[in-house]
Amino acid sequence: MTATSPDPTGLPYHRMARYSPHHRWWRPLLGTVVLVFGSVLATVFLYILTEGIGTAAGYPELPDGGVDFGPVLGTGLDLAFIAVDLPLVLLAVLWLGRRPAGTVASVTGRPRWRWLAWCLLAAVPPMVLLPMVAIFLPDDQGDGGGSDVWVGWQTFLLSLAMLVVLVPLQSAAEEYVFRGWLLQAAGAFLRSPWLAVLPQAVLFAAAHGWGTPWGFADLLVFGAVAGLLTIRTGGLEASIALHALNNLLAFGLSAMYVDGLASDETAADAPWQLALVDMASVLLFAAIVLWLARRRHPQHLSAPVPEPIPPHLLPYIPPQGAYWPYAQAPGAYGPYPQQAPGAYGPYPQQAPGAYGPYPQPPGPHGAYPPPGAHGAYAPPPGAVWPYASPQGSPGPYAPPPSNGAVPGPAAAPSGPDGPGSAASRADEPDPDGPSPAALGSTASSPVLPGDAPGPDGSSPTAPGAVSDSAAPSSAALGDAPSPAEPSSAAPRPDAPRPAEPSPAAPHPAAPGDAPSPDGTSRAVPAPADPPSRQPSGPQES
């Protein structure tokens with residue numbers, strides 16, 4: 001069965017059963033049957049439950065076998081049994097009607113409390129006028145089971161509190177059943193509001209019993225007027241207000257007298273005089289509500305019916321299983337098979353060692369290689385002291401050419417604390433030559449690799465070194481050299497003089513000489529008296 005096309009202009013109250021994209025013609029009928037059977041089952045269950053509780057509590061027994069709870073408690077139980085129909089209607093609308101439960105309250109989808117307050121104010125004048133007129137009416141029906149004895153303030157106030165709590169719920173439940181569900185169920189098939197009102201009005205009058213014809217007519221008028229006001233105002237607020245105040249007035253007057261609430265009379269048993277007055281009060285209430293509706297303009301049409309969801313927007317259901325197109329049984333880690341989780345997750349891992357989950361050969365320095373001669377990291381290439389080797393090795397690169405200058409700091413003047421002092425030279429080992437301590441505080445330094453040759457082809461000398469063309473100073477050992485006077489002392493006759501270097505033949509190597517880049521040897525001064533240092537010019541040993 002295809003869904004009906006939605007109405008773009010909104011729906012009146014009696015057509016609200018179609019306010020759903022899931023509406024089908026059989027839903028109102030099925031909901032009515034379920035609601036009737038649900039109400040009967042709920043009433044029977046509550047009746048058996050209360051009878052069992054009353055018997056256990058020791059309440060007296062009535063002649064018909066029931067438990068006598070008294071007029072106040074018995075009336076409260078009867079009202080509560082009817083009030084149970086209210087949640088049943090809401091569930092039927094929600095589950096069977098497939099529409100919001102609030103659509104049975106009004107076309108806005110919720111109860112309109114402000115409009116309900118206005119309707120309660122409109123019901124006050126008719127409900128005040130009704131008892132005032134009923135006092136002057138002749139009573140030709142005899143005693144209805146009650147008496148004219150005042151019940152007392154304590155019992156009356158207790159009864160009034162019970163009525164104020166339960167009568168509005170009982171009245172609202174009846175309105176939700178007759179002017180709510182039944183009116184909308186008839187409106188699902190009938191467009192005319194007049195035709196949709198009649199079925200629920202007849203059922204409402206029949207539900208109160210068959211009493212006098214005037215009483216039945218009074219209830220029929222009440223149902224029809226309440227239905228028309230519901231359609232005109234777009235909700236149940238007007239009918240609930242009239243029904244609640246009418247029942248409060250009727251039950252309140254009965255509670256004033258002894259055994260007044262125990263009477264079995266209903267509105268269906270009203271005499272013709274009282275029935276006419278009651279119908280007049282209902283019509284007066286309708287006139288006031290219609291006047292207020294023209295001034296307050298309550299919403300009487302619903303919003304546009306929700307569009308049905310297109311098929312391409314519906315949740316996609318895989319045609320070949322929950323994990324289509326791959327048939328996989330979901331495991332602990334999803335639809336795909338996974339290995340059993342280990343110590344480090346679902347993937348196999350090696351057993352953790354001393355340095356984490358990955359195997360590491362532990363050494364004396366941990367998972368990292370041991371540090372070298374210059375620490376854990378290799379020195380940068382060509383680095384000078386303190387990174388380079390202290391033995392003066394040229395480093396990882398080839399030595400510079402013979403005619404290149406040696407980069408480094410400028411020569412500092414020799415002195416007691418300078419680089420040329422005996423204290424600084426005494427720390428440098430000389431495996432082949434004499435000890436620097438034997439040369440004195442002014443012993444010459446060895447020639448470094450890479451020194452440039454002299455102009456005459458001889459081996460160069462470093463600052464402070466002894467040359468064979470220089471004369472030694474006549475200063476005594478330990479005297480400071482004079483920067484102004486050159487030394488004029490003659491060489492000692494017993495001092496050995498190294499051989500003159502020849503351009504043709506290489507210089508003979510002496511103990512402690514270092515080879516030069518071109519293959520020649522550099523002279524190393526023999527032990528002699530410490531020469532005096534001059535600021536310029538050669539020195540002689």
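Residues numbered from 1 in each chain as written. Predicted model: local features only at pLDDT ≥ 70, side-chain atom pairs only at ≥ 80, totals over all residues. Heavy atoms only, no water.

### Points about helix H4 (residues 113-134)
In an α-helix, one turn spans 3.6 residues; hence positions three or four apart end up facing the same way.
Working step 1: Given a rise of 1.5 Å per residue, 22 residues ought to cover 32 Å, and the 32 Å separating the end C-alpha atoms of H4 matches this to within 8%.
Working step 2: The axis of H4 is deflected most strongly, by about 25 degrees, at Val-124, and proline Pro-125 appears within four residues downstream.
Working step 3: Every buried residue of H4 is listed here: Trp-115, Leu-116, Cys-119, Ala-122, Ala-123, Pro-126, Met-127 and Leu-130.
Working step 4: On its buried face, H4 is in contact with helix H7 (213-233), helix H8 (237-255) and helix H9 (272-296). (Helix = DSSP H or I, 4+ residues; strand = E, 2+ residues; numbered from the N terminus. Expected span 1.5 Å × (residues − 1). Bend = angle between axes of the 7 residues up to and from the residue. Buried < 20%, exposed > 50% of the residue type's maximum accessible area, 1.4 Å probe, protein only. Contact = heavy atoms within 4.5 Å.)

### Let's talk about empty space enclosed by the protein
Working step 1: The tally for this structure, following the rule as stated, stands at 2 cavities of 30 Å³ or more.
Working step 2: Here the second largest cavity defines a volume of roughly 80 Å³.
Working step 3: Considering the residues around the second largest cavity, the lining is formed by Ala-17, His-23, Arg-27, Pro-28, Gly-97, Arg-99, Trp-181, Gln-184 and Ala-185.
Working step 4: Tallying contributions element by element places helix H5 (residues 153-187) first for the lining of the second largest cavity, with 3 residues.
Working step 5: Class assignment of the residues belonging to the lining of the second largest cavity gives a composition of 4 nonpolar, 3 polar and 2 charged. (1 Å grid on protein atoms, 1.4 Å probe; cavity = no way out; pocket = protein on both sides within 12 Å on 5 of 7 lines; lining within 4 Å. Points joined across faces, edges and corners; volume = space filled by probe spheres on them. Nonpolar A, V, L, I, M, F, W, Y, C, P; charged D, E, K, R; others polar.)

### With respect to the confidence of the model for the protein chain
Working step 1: Chain-level statistics for the protein chain give a pLDDT mean of 73 and a share of 54% at 70 or above.
Working step 2: For the protein chain, per-element mean pLDDT is lowest for helix H10 (residues 422-425), which scores 43, and highest for helix H3 (residues 85-96), which scores 96.
Working step 3: Confidence over residues 1-7 falls short of pLDDT 50; this stretch has 11 contacts with residues more than four positions distant or in other chains. (pLDDT = per-residue confidence, 0-100.)

### Remarks on a nonpolar patch on the surface
Working step 1: The grouping of Trp-25, Trp-26, Leu-29, Leu-30, Val-34, Phe-189, Leu-190, Leu-195 and Leu-198 at the surface amounts to a nonpolar patch, some 830 Å² of accessible area in total.
Working step 2: Elements represented by at least two residues in the nonpolar patch include exactly helix H1 (26-57) and helix H6 (193-207).
Working step 3: Element by element, the count of residues in the nonpolar patch is highest for H1, at 4 residues.
Working step 4: Note that Trp-25 resides in the segment before H1.
Working step 5: The class for Trp-25 is partly exposed, based on a relative accessible area of 46%. (Patch = residues over 30% accessible without salt bridge, like charges linked within 9 Å, V, L, I, M, F, W, Y side chains within 5 Å. Areas by Shrake-Rupley, 256 points an atom, 1.4 Å probe, with all protein chains shown as cover. Salt bridge = Lys/Arg side-chain N within 4 Å of Asp/Glu carboxyl O.)

### Description of the side chain of His-243
Working step 1: Considering the arrangement of structural elements, one finds His-243 in helix H8.
Working step 2: Look at His-243 and you get buried, because its relative accessible area is 3%.
Working step 3: In this structure the side chain of His-243 is engaged in a polar contact, spanning 3.2 Å, whose partner is the side chain of Glu-174.
Working step 4: Setting aside residues up to four positions removed in sequence, His-243 forms contacts with Gln-170, Ser-171, Glu-174, Glu-175, Arg-179, Phe-204 and Phe-222. (Polar contact = N/O pair within 3.5 Å; in protein donor to acceptor, adjacent residues only side chain to side chain.)

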